[in-house]
Structure formats: C-alpha cells, structure tokens
Amino acid sequence: MKYKSVFDIIGPVMVGPSSSHTAGAARIGLVARKLFGRQPEWARISFYGSFAETYRGHGTDVAIVAGLLGFDTFDERIPDALAIALKNMLGLVCDPVAGLVEVPCVKRNAMGAANAMIAADMALAGVKSRIPCDEVIEAMYRIGAAMPVALKETAQGGLVATPTGRAIAARIFGASAASK
C-alpha cells in the first residue's frame, strides 16, 4: 500500500507551517466532517510527524477541531478560535519527567484538545478575541524567548525538578539521572 494515512494524501499538498499546520488541518477536519455527513459527537485525534512535534505552537489542534465543527479555511472566526485557545496556553512549561512525554505531556495534550474544542465553540458562537491572533502569536514568541532554558523541554525544570520527578528518572535511568 503506497499511502499509510489520509495525511500522506492531503498533508503534503500544503507547504509551510501556517498552511500545512493550520489551514491544512482545518481542511482535513472539514473533509472528515463531510465524509461523516454531520458533526461528529466525538473524535480521537492523533498527530504524527511534524504535526505531533509542533501542533500546539501552530494551533493545529485548534484547526483540525475547527474543521470538524464546520469551519472552512477561509472562515473569519478561525483566527479568533486560535487566539482564544493560544491565550490559554501561553507560558506553558515543557517539563517531561525523565525526558519522556508520558508525564505530564499526555494529560496536557488532552487539556489542549479540550481547550481547542472550547475555543472553537466560542468562536462559532461569535465570541471574538480582543487581542488579534497575530499579536497573540507574537506574545507567545516573546514569552517563549523570555522563559528559562530549564523550562523548555530540557528535563531540567518544572515537574522534572520535584522529588517525585527525580525519583521517576532514577527508577528509569539509574541514580545519576536523578542528580541532573
């Protein structure tokens, strides 16, 4: 079989972080909705490749949910949904315990998905972001640049530095991992 998933067919057509990770994702969500013939009652969304690595920062989670909810790529409410969702994630510490994504990332991803759904619902209801989407993205960049390196997926700060976080690392990788 030449293609492993729908992403092998639809995804590569759109190039660049903004189009492939937001407009492309919104289009994929909309196509899925059209295939079902209605808005799904629930969806399990899994990201692979660059989507999995960057979906939070690019708003891919918001975009795919927006498509599932019926937003098209040209819908003027998408920037509001993205801005609303991103404002709730600003300054999020990336602190994978023992350098692995199980703690706390899996739970944060679930919360991010819920955040995306709520933001999309709010935008569909006509709620607008008082801060424009491009300014929210710029603020997100400035916040990220100002954060200490220890809080940026280095397994050095945040929950990693707690006694339990260090104990988990020691159990997995040995005593030397807990002292880092």
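This text goes with the structure placed above it.
The model shown is predicted, which means the values in this text are computed figures rather than measured ones. (Residues numbered from 1 in each chain as written. Predicted model: local features only at pLDDT ≥ 70, side-chain atom pairs only at ≥ 80, totals over all residues. Heavy atoms only, no water.)

## A look at the overall build of the chain
To keep it simple, the criterion reads: Labels follow the DSSP assignment, with helices taken as runs of H or I lasting at least four residues and strands as runs of E lasting at least two, numbered in each case from the N terminus. Each residue gets one of three labels from its accessible area relative to the maximum for its type: buried under 20%, exposed over 50%, partly exposed in between, using a 1.4 Å probe on protein chains only. Contacts: residue pairs with any heavy atoms within 4.5 Å of one another. Only the protein chains shown count as cover for residues, and all accessible areas are computed by the Shrake-Rupley method using a 1.4 Å probe.
Summing up its helical and strand segments, the chain has nine helices and zero strands in all. Each helix (α) and strand (β) of the chain, taken in turn from the N terminus, gives the series α-α-α-α-α-α-α-α-α. The buried share of the chain, taken over its 180 residues, is 33%. Excluding contacts between residues fewer than 6 apart, the proportion of contacts in the chain whose partners are at least 24 apart in sequence is 73%. Looking at the chain as shown, the accessible area adds up to about 10900 Å², and 62% of this sits on carbon and sulfur atoms.

## Comments concerning the nonpolar core
Which entries qualify depends on this criterion: Among the buried residues, those of types Ala, Val, Leu, Ile, Met, Phe, Trp, Tyr and Cys that are joined through side-chain atoms within 4.5 Å form a nonpolar core.
With 26 residues, the main nonpolar core has Val62, Ile64, Val65 and Phe71 as its most contacted residues. Counting only elements with at least two residues in this core, the list comes to helix H2 (17-36), helix H3 (49-58), helix H4 (60-68), helix H5 (78-87), helix H6 (105-124) and helix H7 (133-146). Ranked by residue count, the leading element in this core is H5, at seven residues.

## As for the side chain of Asp95
Filter applied, for reference: Two N or O atoms count as a polar contact when they lie within 3.5 Å, although within protein this holds only if one can serve as hydrogen donor and the other as acceptor, and sequence-adjacent residues are included solely when both atoms are side-chain atoms.
With respect to the helices, strands and loops of the structure, Asp95 is situated in the loop between H5 and H6. The exposure class assigned to Asp95 is buried, which follows from its relative accessible area of 2%. A polar contact of 2.6 Å, which involves the side chain of Asp95, links it to the backbone nitrogen of Leu159. Non-local contacts of Asp95, meaning those with residues more than four positions away in its chain, are made with Val103, Pro104, Arg108, Gly157, Gly158, Leu159 and Val160.

## Here's the deal with the side chain of Ser129
Here Ser129 shows up in the loop between H6 and H7. Assessed through its relative accessible area of 11%, Ser129 is described here as buried. In this structure the side chain of Ser129 is engaged in a polar contact, spanning 2.6 Å, whose partner is the backbone oxygen of Ile131. Setting aside residues no more than four positions away along its own chain, Ser129 makes contact with Asp80, Ala83, Ile84 and Lys87.

## Quick notes on the pattern of salt bridges
Pairs can form between side chains of opposite charge whenever their charged atoms are close. Put simply, the rule reads: One speaks of a salt bridge when a side-chain nitrogen belonging to Lys or Arg is within 4 Å of a carboxyl oxygen belonging to Asp or Glu.
Considering all chains together, one arrives at five salt bridges under this definition. The shortest N-O distance in the salt bridge between Asp72 and Arg27 comes to 3.3 Å. Of the two residues, Asp72 sits in the loop between H4 and H5 while Arg27 sits in helix H2, which places them 45 residues apart along the sequence. With relative accessibility at 16%, the residue Asp72 sits in the buried group. The salt bridge partner of Lys128 is Asp80, with a shortest N-O separation of 3.7 Å. In this pair, Lys128 sits in the loop between H6 and H7 while Asp80 sits in helix H5, placing the two residues 48 residues apart along the sequence.

## So, unusual backbone geometry
A cis amide bond, omega 0°, links Val103 with the succeeding residue Pro104. The residue Glu153 is not glycine, and still its phi comes out positive at about 55°. Within the fold, Glu153 resides in the loop between H7 and helix H8 (163-173). Residues other than glycine seldom take positive phi values, yet Ala155 does so here, at roughly 60°. Inspection of the secondary structure puts Ala155 in the loop between H7 and H8. On the basis of relative accessible area, Ala155 is assigned to the partly exposed category, the value being 25%.

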